[in-house]
Amino acid sequence: MLVSVAREAIAADDVENAPARARARARRMLTPVINATGVLLHTNLGRAPLAHEQEAGYFNLELDLATGKRGSRQAAVGEQIALAVGAEAALIVNNCAASVLLALGALSGDTGVAVSRSELVEIGGGFRVPDVMAQSGARLVEVGTTNRTRLADFQRAIDENDVGLALHVHQSNYKIVGFTEAVSVAQMATLDVPVLADIGSGLLDATCPWLDGPPPNWLANEPAVRQTLEAGADLVMFSGDKLMGGPQAGIIAGRADLVAACAKHPLARALRPGGLVLSALQTTIGHYLRRDGDAIAFWRSASVSVPYLTRRAEAMATTLAGAGISAKAIETKSVPGGGTLPTVSFPSAGVRIQGDHLDTLRNADRPIVARVEDGSTVLDLRTVDADDDQTIIDTVTAAQP
Ligand SMILES: *Cc1c(COP(=O)(O)O)cnc(C)c1O
């Protein structure tokens, strides 16, 4: 890499800047950063915090240790996920978009797929439900209106349009308010066709058995995998790296015959996850099955207490002020992010430093990502591991002129 940078610098007649060019190139490599934005699932920082550790070594990805024959890379983790959400079976693909693509491709056949007009959504990054449907080969049958859709609209579409599937899509990143009416998964389950639910966010169970105490209020209207299946969805599709707090993955969970049909479709091979993802997912699911929410970084950040954050913020502000920096502990608000829960925020605590220091912090050896409010830099500690507080103090202090 250094040779190629040197060649570029020579070709550009910019030899004296070769070291700066090399540093800029190094900056583009993947590196751990401190997320002081207070956005728990930060899209640009890979959504949920990634836990991964693996020495070089072989593992039984597709070897059935009991028989010595070729096995399925999916089987074990799929079973664990199914157990965690109360599904008959589960299949893992690369992301939630892929899970919708595969489920529609494998199950729609020649028949239409009914979707409410209020759910023909764009999630971001080009995920648009009508486009994904078109790519899957499924024929979209729009039902109801933008603000109001009723069960009778679905029934009519099924009777008139040779519809063989109904799709429910969670309005993850927007809300329709006012004169509205929507059809729940439970209502859709009374229809004569299988119901697929794309819930996106991947909250595994609304009762949050992995947390001490009751489920947090901010989850009140968030669909959960287990409850969506209980409401009668035949398949639920969700992301691994949103509220589940695992690696990037898409999961299809529900009826065993439908999951098997997805697994048999030619697209399943193209969309299958690698061993690294399956292994990280197995670790994450293990934490859920042991009801150990504290072991999942996303849930740790989401449930950390505000007084604890305030104490850390005050200590940090005091140290910085002692070094002559204009810093103050403040109350602030964190958000879930990642295109989930658009109206939710939680109280948090952080440090406000006079002036905009975003560029300096981001360009530190250990990059720190923060936000600017009213011309001051705000570091929200909810998304920062307490072990990184000292790094923040050192970086901010070193950046002082
Ligand atoms: C986020 C989301 C998706 C896309 O998930 P990826 O894992 O990013 O592919 C699809 N559907 C819904 C409802 C979502 O919220």
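Use the structure listed above.
All values reported here derive from a predicted model rather than from experimental measurement.

(A) Inspection of the site of the ligand at higher detail. The environment of the ligand is formed by Arg47, Asn95, Cys96, Ala97, Ile123, Phe127, His170, Ser172, Asp198, Gly200, Ser239 and Lys242. In this structure, an oxygen atom belonging to the ligand sits 2.8 Å away from a side-chain N or O atom of Arg47. Where the shell around the ligand is concerned, the elements lending two or more residues are α4 (96–107) and β9 (195–200).

(B) Representation of the packing of helix α1 (residues 2–11) against helix α2 (residues 18–27) within the structure. Relative to each other, α1 and α2 sit at 130°, their axes nearing to 9 Å. As summarised for this structure, α1 and α2 are arranged oblique, according to the angle between their axes. The two elements α1 and α2 meet at a crossing, and its hand is right-handed. Of the residues in α2, those in contact with Leu2, Ser4, Val5, Glu8 and Ala9 of α1 are Ala18, Arg21, Ala22 and Arg25. Residues belonging to the contact of α1 with α2 are distributed by class as follows: five nonpolar, one polar and three charged.

(C) Highlighting the side chain of Thr395. Relative to the helices and strands, Thr395 is located in helix α15 (residues 389–398). Look at Thr395 and you get buried, because its relative accessible area is 15%. Other than its neighbours up to four places away in sequence, Thr395 contacts Leu361, Ala364 and Ile368.

(D) Here's a closer look at the nonpolar core. Membership of the largest hydrophobic core comes to 43 residues, with the highest contact counts inside it found for Ile81, Leu204, Trp218, Phe238, Ile251 and Trp299. Looking at this core, the element that brings in the most residues is helix α3 (residues 75–85), giving five residues. Among the nonpolar cores identified, the runner-up in size contains 30 residues, and Val100, Val129, Met133 and Val259 belong to it.

(E) Main features of the sheet that holds strand β12 (residues 327–337). If you trace the five strands from one edge of the open sheet to the other, you get β2-β12-β13-β16-β15, paired in mixed fashion. Each edge of the sheet is formed by a strand with only one pairing partner; in this case those strands are β2 (39–41) and β15 (371–373). Here the strands of the sheet are splayed against their neighbours by 40° on average, with no regard to which way each runs. Across two bridges, β2 lies against β12 in parallel orientation. Bridge pairing in β12 places Leu41 opposite Gly337.

(F) Structural context of the pairing of strand β16 (residues 376–380). Most of β16 is tucked away: five of the five residues are buried. Residues of β16 alternate between two faces, with Ser376, Val378 and Asp380 on one and Thr377 and Leu379 on the opposite face, all of them buried. Note: strand β13 (residues 346–354) against β16, five bridges, orientation antiparallel. Note that in β16 the partner of Ile353 across the bridge is Thr377. Pairing of β15 with β16, which is carried by three bridges, proceeds in the antiparallel orientation. Bridge pairing in β16 links Val372 to Thr377. Counted between consecutive antiparallel strands, the loop separating β15 from β16 contains two residues, among which Asp374 sits at a positive phi close to 50°.

(G) Molecular detail of helix α9 (residues 256–264). Those residues of α9 lying buried are Leu258, Val259 and Cys262. For α9, the buried positions fall inside an angular range of 100° around the axis, keeping them on one side. Contact partners of the buried residues in α9: β3 (89–93), α4, β10 (235–239), β11 (250–254) and α10 (266–271).

The rules behind the values
Residue positions within a chain follow its written sequence, with the count starting from 1. Only residues with pLDDT of at least 70 get local features here, since the model is predicted, and only at 80 or more are side-chain atom pairs given and counted; chain-wide, interface and lining totals rely on the full set of residues. To obtain the side-chain values, all non-hydrogen atoms of the structure were included, while hydrogens and water were left out. Proximity criterion: a residue is near a molecule or strand once any of its heavy atoms comes within 4 Å of it. Each polar contact in these results corresponds to two N or O atoms within 3.5 Å; when the atoms are within protein, one needs to be able to donate a hydrogen and the other to accept it, and residues that are neighboring in sequence are counted only if both atoms are side-chain atoms. Under the scheme used here, helices are H or I runs from DSSP no shorter than 4 residues and strands are E runs no shorter than 2 residues, and both carry numbers assigned from the N terminus. In this description, a line fitted to the C-alpha atoms serves as the axis of each element, helices being fitted only across the stretch in contact, and the angle between N-to-C directions of two axes falls anywhere from 0 to 180 degrees. Roughly parallel here means an angle under 35 degrees, roughly antiparallel means over 145, roughly perpendicular means 65 to 115, and every remaining angle is called oblique. Working rule for handedness: look at the near helix, and if it is turned counterclockwise from the far one by less than a right angle, call the crossing left-handed; if clockwise, right-handed. Only heavy atoms matter for contacts: two residues are in contact if any of them lie within 4.5 Å across the pair. Amino acids are sorted into nonpolar (Ala, Val, Leu, Ile, Met, Phe, Trp, Tyr, Cys and Pro), charged (Asp, Glu, Lys and Arg) and polar (every other residue, Gly among them). Summary of the burial criterion: residues with accessible area below 20% of their type's maximum are buried, those above 50% are exposed, and those between are partly exposed, where the area comes from a 1.4 Å probe applied to protein chains only. Buried Ala, Val, Leu, Ile, Met, Phe, Trp, Tyr and Cys residues form a nonpolar core when they are joined through side-chain atoms within 4.5 Å. The pairing criterion for strands is at least two bridges between them, as found by DSSP. Here the arc refers to the set of directions running from the helix axis out to each C-beta atom.

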